Each structure stands twice: as structure tokens, then as C-alpha cells.
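Architecture and fold: a report
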Amino acid sequence: MGGPDRPSLVPISRRGLLAGLAATVAAPRLVAAGGPAESVHPFDGPWLTTAGIGPGDSFGAVTVDPGFAAQGVAPAPARLHGIVASLDGRWAVAVGRRPGRIALVIDRRSGAVATSFTPGEGRVFSGHGRYSADGRHFLTNEIERPDGTGRPVMGRGVVAVREAGGGFAIVAEWPSGGDGPHDLIHGGTNLIIANGGIEPNTPEARDAEATGSTITLLDPASGAVKGSAALPADLASLSLRHLAVRRDGAAVVAAQDLLKDGEARPLLFAVGRDGALSAFDAPDGAWRALRGYVGSVAFDPSGAFVACASPRGGQVSVWTAQGRHLGAIPLADGCGLAPGLEDGTFLATSGYGEVALIKAAPEGVGIIARRTGGPRYDNHVMRVTQG
């Protein structure tokens, strides 16, 4: 995979990583336990995420502040999944986990839920949505309910285009180009859709050996199909699910595997400008360590590194953007992953309430700060880049 010139990072050896870890852990602002830090606005932290709040089945959206503490809870009536901020940073939209039936719009100035909206008739949310490039519309991947024939399908995909300033009413609908769309993202001049096909670990996946997963490239203005691609037959068991994009439009997609046969299959791919997929490189043992499941993927702020999180494998694995595997760090039930605030860093969250700051360099990868005692962080975290 082609990439930008290597950024001017200070080279760090494994000894340097350990020294950095020790120095940062000693800094109480980042890792000390205690009450929440003061915040001007309830939802003004640099990262947004969703979480299980308190005992039982209570859920909400939260922010993570620069000290890695959870702040400003916006309660939700159901479990949420992906969350994104508007281009000006004023609003946050959290979409319900598949089969989602609600999405919340949160005013980041007050922390209050401003409104909510539901999927189109006969459909469910897939868990993800994105603002359009001009911020005027909000796009959600939605899935038609199964056809009742008993065939192992997830349902055809629809991209619902909503008027962000008009109560999030649907103003257009585009075919996603496949079954079971999960994530979507703007990459260059394309809207990239990850049609997951049959989702692993669901009733539809029983006895299935191929997902029917595809990547579709849509015109972001009209919804016209500009290209599509699928994996080769020997990787047909993979479901393409989560996307990340760099500032120059280069994109990657992470996968999950239907099969539990112990085979080492790549789970991270570069998405070409025409949608073609190219696998990243890693030793067989590194792929097996992910246990067939990547829950999220992200570029660092510089675009020089890519990381993916596997809650089943209990680790975050890191590559250069050119596809060379650098290593992995352990993080039990770690799934949320976003760019950090500095080049070469990632923020990762876990279902056990842990936040870890990960540092990548050409020589290796390590944890340089962490905080425990947070809520049960869910699958995704995103960095707010404006507002």
C-alpha cells in the first residue's frame, strides 16, 4: 500500500518505549485515580464514545477528557455503537447497535439529547453513520429486515441520506451495493461502504462458509456506484466491517471471520481508489492472535501508522501505513480505537473501563499511559477534530 513520506518522529527503541511508559505512568494528571476533572461543557472532551453506565443494562454516550477520564454522560434507552461529531463540533450523533432502532443527537454544549431518529420503515440501523463532507446531511447504513425465506442473509443495505438541519428526516435513499452494510466513510472523492454480508457470530452465520461481503464506492453527491470489489475465494469467509481513512483519502478496512478453523487469514486491507483490496502483512501468529475478530481500526494523526483492536484477542495490533507489522500490545476486551492527540499515538478503550495511550514508531509499539476505573466502554471511540 502506498503512503505519505514518513513523518519526523523521534526513533524509539524498545528500551525507549519502556522508559517513556515509566515516565508517563508517573505523571498523576494522566493516570491518577479520583473524581472527574472539571469541564467547561459536559461534552467538550477530545474523544467521544459510548458505554455501559452503572449496573445492569444502562447505556449512554460519554466523552473522554485529556486526562482519560469519562465525562458528561448522555443516557440512552438502548445500547449504542458508533458515534461521530458534526464538522463544527457542535453536535454528536450516536447510532444504535445492530439491529438498532434509535439514534441520538447530542448537543455538545449542554450535554443534553437534542433529538432522536429511527431507521426507515422496515429497516434497522447497522450501528454507523457519517456526516456528509459539507455537513448538511447525515448518512446512515440501514439494513432491510430478512425476507422470511429462511435463507442465511443479513438483508439488503440502504444508505439513508438525512437532512441534518431538518430533524434528520430522510431526503434520499441509495442502495449500499450489498447485504448487511456496516461502516461507511468518506475517502477522497468516494463514499466507501463496507457491506459485511453475513455477520459472524449471528444466527444467520450458522453453517455459512462465505459472507458475500463487498466494498462499494458511491458518488457522495448522487449515490451512483463508482466501483466495487470483493475478496478472493480463499478469503470468502471474511466480513468486511470497519473503515478508517487518512487525510489524503487513503482508506483501510478491517474484517471478521465466519470460520473458527485456526487458519491464519489477514484481517486488515488497504482499499484502492477503485475499491481493490490489498492485504496488510503480518506473521501467521499475529493474525491468529486476533482470533478472527477486529472490532475497530484507525490511523494515527500523522497517517503513518494503522492500528486495529481485537477484543477477542485481547490486543491492539499496529502496522505502518505501508503494511509492515510492528507488533501488538495487550488490552483485555479492548475494542475502541481512535487517533491520539500527537503523531504516532492512538487512544484505545476497553470493556473493563480502561483507557490506554499507545505510541507507535518504526522500531516498535508500546503503551505510554493508561487509566482504569472508567465505565464499560463499548466498541468505538472517535476523536473530535474541530469544535
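What comes next concerns the included structure.

So, about the overall build of the chain. On a plain count of helices and strands, the chain comes out with three helices and 28 strands. Within the chain, counting contacts between residues at least 6 apart in sequence, those at least 24 apart form 52% of the total. Roughly 15,700 Å² of accessible area belongs to the chain as shown, and the carbon and sulfur atoms make up 52% of that amount.

Counting residues in hydrophobic clusters, the biggest one holds 34 residues, and the most contacted among them are Ile 215, Val 253, Leu 268 and Phe 269. Mapped onto this core, the elements with two or more residues apiece are strand E13 (190-195), strand E14 (214-218), strand E16 (238-245), strand E17 (251-257), strand E18 (268-271), helix H3 (284-289), strand E20 (296-299) and strand E21 (305-310). For this core, the element with the highest residue contribution is E17, accounting for five residues. In contact with Ile 215, other than residues within four places in its own chain, are Ile 192, Ile 193, Ala 194, Gly 227, Ser 228, Ala 229, Leu 240, Leu 243, Val 253, Val 271, Gly 275 and Leu 277.

Our next topic: the packing of aromatic side chains. Working definition: an aromatic ring pair is given by the centre-to-centre distance plus the angle between the planes. Tallied over the full model, the rule gives eight aromatic pairs. The interplanar angle of 70° and the centroid separation of 6.2 Å between the aromatic rings of Phe 117 and Phe 138 together place this pair among those described as edge-to-face. In this pair, Phe 117 is assigned in strand E7 (residues 113-117) and Phe 138 in strand E9 (residues 137-144), connecting sequence segments 21 residues apart. Per residue, the accessibility class of Phe 117 equals that of Phe 138, and both read buried. Among the aromatic residues, ring-to-ring pairing joins Phe 117, Phe 125, Tyr 131, Phe 138 and Phe 168 into one connected group. One residue, Arg 90, lies across the ring of Trp 91, its end atom 4.5 Å from the ring centre.

Attention now moves to the environment of Asp 57. By secondary structure assignment, the location of Asp 57 is in the loop between strand E1 (47-52) and strand E2 (59-64). The exposure class assigned to Asp 57 is exposed, which follows from its relative accessible area of 74%. Residues Asp 57 and Pro 77, 20 residues apart in the sequence, show an inter-C-alpha distance of 9.3 Å.

This brings us to the side chain of Lys 359. Assignment of secondary structure puts Lys 359 in strand E26 (residues 355-361). A distance of 3.2 Å separates the side chain of Lys 359 from the backbone oxygen of Asp 343, its partner in a polar contact.

Moving on, we come to the pattern of salt bridges. Per the counting criterion, the structure on display carries 14 salt bridges. Linking Arg 136 and Asp 134 is a salt bridge whose minimum nitrogen-to-oxygen distance equals 4.0 Å. Take Asp 134: its relative accessible area is 49%, and that puts it in the partly exposed class. Measuring nitrogen to oxygen at the nearest pair gives 2.5 Å for the salt bridge that ties Arg 370 to Glu 354. Residue Arg 370 is located in strand E27 (residues 364-371), and its partner Glu 354 is located in the loop between strand E25 (345-350) and E26; the two are separated by 16 residues in the primary sequence. The exposure class of Arg 370 is partly exposed, given its relative accessible area of 31%. Via salt bridges that share partners, Arg 123, Glu 142, Arg 162 and Glu 173 belong to a single interconnected network.

Successive residues of a regular strand alternate their side chains across the two faces of the sheet. Judged by how many residues are buried, strand E28 (residues 376-383) sits mostly within the fold: six of eight residues are covered. Looking at chain direction, E1 and E28 are connected through five bridges and run antiparallel. Counterpart to Leu 48 in the pairing with E28 is Met 382.

What follows deals with unusual backbone geometry. In this model, Arg 98 is joined to Pro 99 through a cis peptide bond whose omega is 0°. Turning to its location among the elements, Pro 99 is positioned in the loop between strand E5 (91-96) and strand E6 (103-107). Positive phi values are uncommon outside glycine, yet Phe 168 reaches one of about 60°. Following the sequence through the fold, Phe 168 ends up in the loop between strand E10 (156-163) and strand E11 (170-179). Backbone geometry places Arg 291, a non-glycine residue, at a positive phi of 55°. As for its placement among the helices and strands, Arg 291 is situated in the loop between H3 and E20.

For the rest of this paragraph, the subject is the environment of Gly 187. Take Gly 187: it is sitting in strand E12 (residues 181-187). Overall, the relative accessible area of 4% leaves Gly 187 in the buried class. Placed 59 residues apart in sequence, Gly 187 and Arg 246 show a C-alpha to C-alpha distance of 7.9 Å. Not counting residues up to four positions away in its chain, the partners in contact with Gly 187 are Ile 192, Val 245 and Gly 249.

About the criteria used
- Going along each chain's sequence as written, the residues are numbered from 1 onward.
- Per-residue local features are limited, in this predicted model, to residues with pLDDT of at least 70; the limit for side-chain atom pairs, both in listing and counting, is 80 or more; totals at the level of whole chains, interfaces and linings are taken over all residues.
- Derived side-chain values reflect all non-hydrogen atoms in the structure, with water molecules and hydrogen atoms excluded from consideration.
- A helix here means a DSSP run of H or I that spans at least four residues, while a strand means a run of E at least two residues long, and both kinds are numbered starting from the N terminus.
- Whether two residues are in contact is decided by their heavy atoms: any pair within 4.5 Å suffices.
- In these tables, accessible area is a Shrake-Rupley quantity obtained with a 1.4 Å probe, and a residue counts as shielded only by the protein chains included in the view.
- Only buried residues count toward a nonpolar core, which is a set of Ala, Val, Leu, Ile, Met, Phe, Trp, Tyr and Cys residues joined through side-chain atoms within 4.5 Å.
- We call a residue buried when its accessible area falls under 20% of the maximum for its residue type, exposed when it is over 50%, and partly exposed in between, using a 1.4 Å probe and counting protein chains only.
- The criterion for an aromatic pair is that two Phe, Tyr or Trp rings (for Trp, the six-membered ring) have centres within 6.5 Å, with stacked assigned to planes under 30 degrees apart, edge-to-face to planes over 60 apart and tilted to the rest.
- Counted as over-ring charges are cases with an Arg CZ or a Lys NZ within 6 Å of the ring centre that also lie within 35 degrees of the ring normal.
- We define a polar contact as two N or O atoms separated by no more than 3.5 Å, with the added condition that, inside protein, one atom must be a possible hydrogen donor and the other a possible acceptor, whereas residues neighbouring each other in sequence contribute only through side-chain atom pairs.
- Salt bridges, as used here, are contacts in which a Lys or Arg side-chain nitrogen is within 4 Å of a carboxyl oxygen on Asp or Glu.
- Each pair of strands is called paired provided DSSP finds at least two bridges between the two strands.

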